[in-house]
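Given next are the chains, with one letter for each unit.
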Amino acid sequence: MSSRTVEIAPKAGLHARPASKFVEVVQEYEADIKISDPSTEEKPVDAGSMLAITGLGLKKGEEMEIEAEGSDAEEAIDALEEVITTPEE
Amino acid sequence: MSSKELQSLISEETIELDREFENKIDAIKGLLQLIDDTGNVKDREKALNALKEREEEATTGVGKGIGIPHAKTEAVTEPAAAFIRAEDGVDFDAADGEPARLLFMLLFPEGTEDEYLEVLSSISRSLIHDDVREKLLNAETPENAFEIIEEEVSE
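Notes on the structure follow. These numbers come from a predicted model, not from an experiment. Just so you know, the residues in each chain are numbered from 1, in the order the chain's sequence is written. Following the order in which they are written, the chains are lettered starting with A and the ligands numbered starting with 1. Totals for whole chains, interfaces and linings use all residues, but because this is a predicted model, local features are given only for residues with pLDDT of at least 70 and pairs of side-chain atoms are given and counted only at 80 or more. Remark: hydrogens and water are excluded; side-chain values derive from all non-hydrogen atoms of the structure.

Our focus in this paragraph is the pairing of strand S4 (residues 63–69) of chain A. Residue and element names in this part refer to chain A. Pairing between strands is defined by DSSP: at least two bridges between them are needed. Strands are runs of DSSP state E lasting at least 2 residues, helices are runs of H or I lasting at least 4, and numbering of each runs from the N terminus. Note that strand S1 (residues 2–7) and S4 share six bridges and pair antiparallel. Each residue of the ladder has a partner; that of Ser 3, found in S4, is Glu 67. Inspection of the sheet shows strand S2 (residues 32–36) paired to S4 by five bridges, in the antiparallel sense. Paired with Ile 33 across the bridge in S4 is Ala 68.

Structure below.
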């Protein structure tokens, strides 16, 4: 399993357009992808679920942990990191 | 009272069960009307435009039969919320394709970034649980739905 901790860059946090983009990218990969808020003890949630992402409520500057399992796990994490670290206008 | 709590933003007056809607915009107008009826919306058109803009940016149909249309707008001075259970599912453009029956609306004044995200995330976290959605789908009266929101849909 691969995992990486990334910092949220978009101004409104992982919400609205960046969140929707994130889910789209998750669906492009075979890997089983989960995300969590490393500042809590909560269990990782399904990265392909908008409800689960909204539930994390991650704000700009906060960290998110992405974990992926599968043949394209590393590529998936690279692509997701790009979404998360791209500041929105 | 913590601003995180949906229960402080919603009341039986802003809850309605088993409404029928043609589409997403129709549902959004129905939710907004409930909040407007309480006298908390200064400018209905402005609020509606903010909600529509937010939907254009990305749908608030978050899947599992839930829609949470929301916006920050000068049209309100205090945060406000409404809940409608749709009789039949409304197409909310959710990624999972599931029509939405549990519809929550949140309106926040400008400049309330954090509170707004906290209420949204606390609603979402509660609704991830199948049993909470089931309870809301089975609520018999607005009073009953309010009790469920009070007990389950807040932190």
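Below, the discussion takes up the sheet that holds strand S3 (residues 45–46) of chain A. Residue and element names in this part refer to chain A. Spatial strand order, S1-S4-S2-S3: four strands in an open sheet with antiparallel pairing. One side of each edge strand has no neighbouring strand; the edge strands of this open sheet are S1 and S3. In the packing of helix H3 (residues 73–85) onto the sheet, contacts are made with S1, S2 and S4, and the angle to S1 comes to roughly 5°. A contact between two residues is defined here by any heavy atoms of the two lying within 4.5 Å. Interaxial angles span 0 to 180 degrees and are taken between N-to-C directions of axes, which are lines fitted to C-alpha atoms, for helices over the stretch in contact.

Attention shifts here to the side chain of Ser 126 of chain B. All names here are of chain B. By secondary structure assignment, the location of Ser 126 is in helix H3 (residues 113–127). N or O atoms closer than or at 3.5 Å make up a polar contact, with two conditions inside protein: a donor-capable atom paired with an acceptor-capable one, and, for residues adjacent in sequence, both atoms drawn from side chains. In this structure the side chain of Ser 126 is engaged in a polar contact, spanning 2.8 Å, whose partner is the backbone oxygen of Ser 122. For Ser 126, the side chain forms a polar contact with the main-chain oxygen of Glu 152, separated by 3.3 Å.

On to the nonpolar core. Working definition of a nonpolar core: buried Ala, Val, Leu, Ile, Met, Phe, Trp, Tyr and Cys residues. They are joined through side-chain atoms within 4.5 Å. Any residue under 20% of the maximum accessible area for its type is buried, any over 50% is exposed, and the rest in between are partly exposed; the area is computed with a 1.4 Å probe on protein chains only. Residues Phe 22 and Met 64 of chain A together with Phe 83 and Phe 104 of chain B are the most contacted members of the largest nonpolar core, which totals 56 residues. Within the second largest apolar cluster, 25 residues are counted, among which are Phe 21, Leu 48, Leu 51 and Val 90 of chain B.

A separate point is the pattern of salt bridges. All names here are of chain B. The term salt bridge refers to a pairing of a side-chain nitrogen on Lys or Arg with a carboxyl oxygen on Asp or Glu at a separation within 4 Å. For the coordinates displayed, the defined rule picks out 15 salt bridges over all chains. In this structure, the salt-bridge partner of Arg 101 is Asp 18, at a minimum N-O distance of 3.7 Å. Separated by 83 residues along the polypeptide, Arg 101 in strand S6 (residues 100–108) and Asp 18 in strand S1 (residues 15–19) bring together distant segments of the chain. By relative accessible area, which is 26% here, Arg 101 ends up partly exposed.

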